[in-house]
Amino acid sequence: MSSYEMLNPAQQEAVCHVDGPLLILAGAGSGKTRVLTHRVAYLIEECDVNPWNIFAITFTNKAAREMRERVDAIVDFGAEDVWVSTFHSACVRMLRRFGDRIGWDKRFSIYDTDDQKMVMREVCKQLEIDTKTMKERAILSEISSAKNEMIGPEEYKKLAGRDFRKLRIADAYAAYQERLHHNQAMDFDDLLLQTVELFKQAPDVLEFYQDRLRYIMVDEYQDTNSVQFELVRMLADKYRNLCVVGDDDQSIYKFRGANIRNILDFEKHFPDAKVIKLEENYRSTKTILNAANAVIRHNNGRKEKTLRTENEEGTRISFHQYQNEYEEAEGIISDIQRTMRTEKADYSDFAILYRTNAQARALEEKFVYAGLPYRVVGGVNFYQRKEIKDMIAYLKVIDSGIDDVSVRRIVNVPRRGIGVASLQKAADFAENSGMSLFEALRGADRIPELKRSAAKIHVFTDLIQVFRAKAEYMNLSDLYDSILEDTGYLAELQEEETDEALTRIENLEELRNKIVEYEEGSENPDLSELLEQIALVADIDNVAEDDDRVLLMTLHSAKGLEFPHVYMSGMEDGLFPGYMSMVSDDPDEIEEERRLCYVGITRAQKTLSLSCARTRMRQGERQLNPVSRFVREIPKELIDGRVPSKNAFRAFDDDDGGYAFTAPDPAPAYAPRREKSKPAFKYEIDSFIKKGSQMGGTEPDYGEGDRVSHVKFGQGTVVSLEKADNDYNVSVDFDKFGVRKMKASFSKLKKI
DNA sequence: TTACGCCTCCTTTTT
DNA sequence: GGAGGCGTAA
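**Student:** Lay out the protein's contact with DNA strand C with the relevant residues and their values.
**Tutor:** As a matter of local geometry, DNA strand C sits amid Lys117, Arg121, Arg361, Gln619 and Gly620. Backbone atoms, meaning sugar plus phosphate, form 36% of the atoms of DNA strand C positioned within 4 Å of the protein. Contact distances for DNA strand C include 3.1 Å between a phosphate oxygen and a side-chain N or O atom of Arg121. Take Gln619: an N or O atom from its main chain is 3.5 Å from a base oxygen of DNA strand C. Broken down by class, the residue content of the surface near DNA strand C amounts to no nonpolar, two polar and three charged.

In structure tokens:
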């Protein structure tokens, strides 16, 4: 039985509002998850609502899982019937069930951005679009925006008018959709859009879900896009029990189509909506909250609100400007170590946040060097790695051979002597006869042009057929093992005996673990479902609560999380806020960056530390960056540390010992591209910062018995070191990975 | 057909 | 700095 007295009056009001639209404006740390979970409990326990009729939509799978756990904990009975899901997962589920009503195979596959790009490449080739002047990525992002506004190919074409560029994109859009449908594949945007389409074309399906999902709750409402709004509007149209929770100040996904108007105009769409503001913060110290309020106040067009807290004053926010990103990383790490010594803290009490994934590299290097446990969230996604994508492509083809992109990916991996020429012939044949590529390959001996390679092609198709037969009776992990073995994929890697191959094998083992994990957690494991889960996970979904490591992640990934000690690194104009937002005509761009900053600050419970680097390596060039304007928007009295004057480049005068810089053209290196031969400015100071970041020379400075540190494997002890060719073979017993043999020049081991 | 190497291009964030 | 694309050589 849950107790509602523990909630403050505003929270109680939100929990007890049952019928009709409700907008909860929940400031950061104001206990909105508490409100949502208690509201679910209240509906079930006090209002006799059938749990089956409750639908809660969250932003990430992790949030969904947490909400489910918390609801389970406070509701005695029936909590498992509440449907808690992300938009994308929910749509997949509905489409798998009813998608055939609008012409989709129930086993449609889901394309990630790489797959999309492959399709677009083919489209561009077909339409003779020059990808030098119009990038595939650019076209795709245009299409994505269109989809987010629910504009289909025909309408897009109409809207294009006489704009040549847009007309070309319209053609590409139409061809792209055609190919997706031909492959029975949807991209992320389609998952939402096609569900709306399903509801439009099959009113009975819509009504089925309206009756089923009578109480709808949407978390992180400020980050919904127009399609998601439409989806929710349709579902809630019959019973109008829609409760949305959000904070316009935390809207940070405009780039992906989020429409901040959804929350700002909620009352226009639902004139009878009740609006409740949660303005008491239970998370942060007064100091941190004051800083957050001060920063966000610089934005216009927000829903007026000011967070307050009864928490203690807390310590001042620390600020430090370092020489470069490596010193910044070292500074943060020694600060963490100091805090660990003076206070009782776990590693998992610390998080380092940054604007771009690339910033993780320097930090990671120094963490390895220092031997502190850490975890980088996001970045190069596990599921984007070559070997993982290959295996998933095998699984996809086994599951359904309609998807040409996956077939192309693996038809010659490992090498079977099937070249692009043969493949093109088969693709042409498939095109002309309206069959899928796989079907064409299967009948290769009947395609005259393929006579010579038909035998090789059949090796592939027979292999797939065998796997399909095996899939009927084998469990998924055995099937996976069989793929690794029978294709020779694993053997090929094992023979390679390089660091890289070893990492790949580890990744393949990791994928196996995930499959086993899925099998164990599912009542009725199924290949299609496995693939869909894989397609829809975010890296943050995999962060375990009980894992005692420092977390490194982007500000975006940190949304919805909280940590006792937060470091915001790379507080530099040009990086954060990003250069593009600084020069943009659209003032909302810089405001979105500021909201991101607000999100970052409000993640902190006890201490907040800001840092930046004077110079930073970016895109192969060393850049000089002034301190972020956001730092200066925080009142001085809240900050411990000197914030340089606004004329930031003067800060270089103090202590740079002989390294004279002239104030550069303020345009960073990636600004409107100049002729490549003469970059505007390039600093020859790399050698200056190399200390600790790289070794150099061929003679290792370590020997048998020495402790060394490796970028990937962490610390270990040198077992043997011997001369070979013009290099050294070194064997190291790593604390966490066991004995590894490697080339000294390649391994970049560092003596500790 | 493949392997290697040079060239080019990077939005920044992610379901 | 690094990944991916494309062209050339074997």
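**Student:** Give a description of the pattern of salt bridges that names residues and reports values.
**Tutor:** For the structure on display, the rule yields 50 salt bridges. Residue Arg96 is joined to Glu532 by a salt bridge in which the shortest nitrogen-to-oxygen separation is 2.9 Å. Linking Arg96 in helix H4 (residues 87-98) with Glu532 in helix H25 (residues 527-535), this pair joins segments that are 436 residues apart in sequence. Its relative accessible area of 16% is what places Arg96 among the buried residues. Exposure remark for Glu532: the relative accessible area of 14% places this residue in the buried category. With a shortest N-O distance of 3.7 Å, Lys268 and Asp265 are connected by a salt bridge. What makes Lys268 exposed here is its relative accessible area of 66%. Among the charged side chains, a salt-bridge network with shared partners connects Lys32, Asp219, Glu220, Asp223 and Lys559.

**Student:** Tell me what's going on with the protein's contact with DNA strand B, and back it up with residues and numbers.
**Tutor:** The full set close to DNA strand B counts 24 residues, and His88, Arg355, Asn357, Ala538 and His556 are the nearest of them. One of the side-chain N or O atoms of Arg256 is found 3.4 Å from a sugar or linking oxygen in DNA strand B. Here a phosphate oxygen of DNA strand B sits 2.9 Å away from a polar atom, N or O, in the side chain of Asn357. For the surface near DNA strand B, a count of residues per class yields six nonpolar, 11 polar and seven charged.

**Student:** Tell me about the pairing of strand S16 (residues 604-618), residues and numbers included.
**Tutor:** The buried count for S16 comes to 12 of 15 residues, which makes it a mostly enclosed element. The sheet contact formed by strand S11 (residues 317-324) and S16 spans six bridges and is parallel. Its bridge partner being in S16, Tyr322 is matched across the sheet by Ala613. With five bridges joining them, strand S15 (residues 563-568) and S16 adopt parallel strand pairing.

**Student:** Tell me about the packing of aromatic side chains, residues and numbers included.
**Tutor:** A full pass over the atoms with the stated rule returns 14 aromatic pairs. Taken together, a centroid distance of 5.6 Å and an interplanar angle of 35° make the contact between Tyr253 and Phe255 tilted. For the ring pair Phe350 and Tyr567, a centre distance of 6.5 Å and an interplane angle of 25° mean the geometry is stacked. Of this pair, Phe350 sits in strand S12 (residues 350-354) while Tyr567 sits in strand S15, and the two are 217 residues apart along the sequence. The structure contains a cluster of three or more aromatic residues connected by ring pairs, namely Phe98, Phe199, Phe208 and Tyr209. The ring of Tyr253 is capped by Arg256, whose NZ or CZ atom sits 4.4 Å from the centre of that ring. Residue placement shows Lys366 over the ring face of Tyr369; its charged tip is 5.7 Å from the ring centre.

**Student:** Please provide a residue-by-residue account of the confidence of the model for chain A, values included.
**Tutor:** Looking at chain A, the pLDDT average stands at 85 and 89% of residues meet or exceed 70. Mean pLDDT across the secondary structure elements of chain A bottoms out at helix H29 (residues 686-689), with 36, and peaks at helix H10 (residues 203-212), with 97. Long-range and interchain partners of residues 648-692, a stretch whose pLDDT sits below 50, account for 64 contacts in this model, where long-range means more than four residues apart. Note that pLDDT drops below 50 for residues 694-698; the model gives that stretch four contacts with residues more than four away or on any other chain.

Cut-off values and rules
Residues numbered from 1 in each chain as written. Chains lettered and ligands numbered in written order. Predicted model: local features only at pLDDT ≥ 70, side-chain atom pairs only at ≥ 80, totals over all residues. Heavy atoms only, no water. Near = heavy atom within 4 Å. Polar contact = N/O pair within 3.5 Å; in protein donor to acceptor, adjacent residues only side chain to side chain. Nonpolar A, V, L, I, M, F, W, Y, C, P; charged D, E, K, R; others polar. Salt bridge = Lys/Arg side-chain N within 4 Å of Asp/Glu carboxyl O. Helix = DSSP H or I, 4+ residues; strand = E, 2+ residues; numbered from the N terminus. Buried < 20%, exposed > 50% of the residue type's maximum accessible area, 1.4 Å probe, protein only. Pairing = 2+ DSSP bridges. Phe/Tyr/Trp six-rings, centres within 6.5 Å; stacked < 30°, edge-to-face > 60°. Lys NZ or Arg CZ within 6 Å of the ring centre and 35° of its normal. pLDDT = per-residue confidence, 0-100. Contact = heavy atoms within 4.5 Å.

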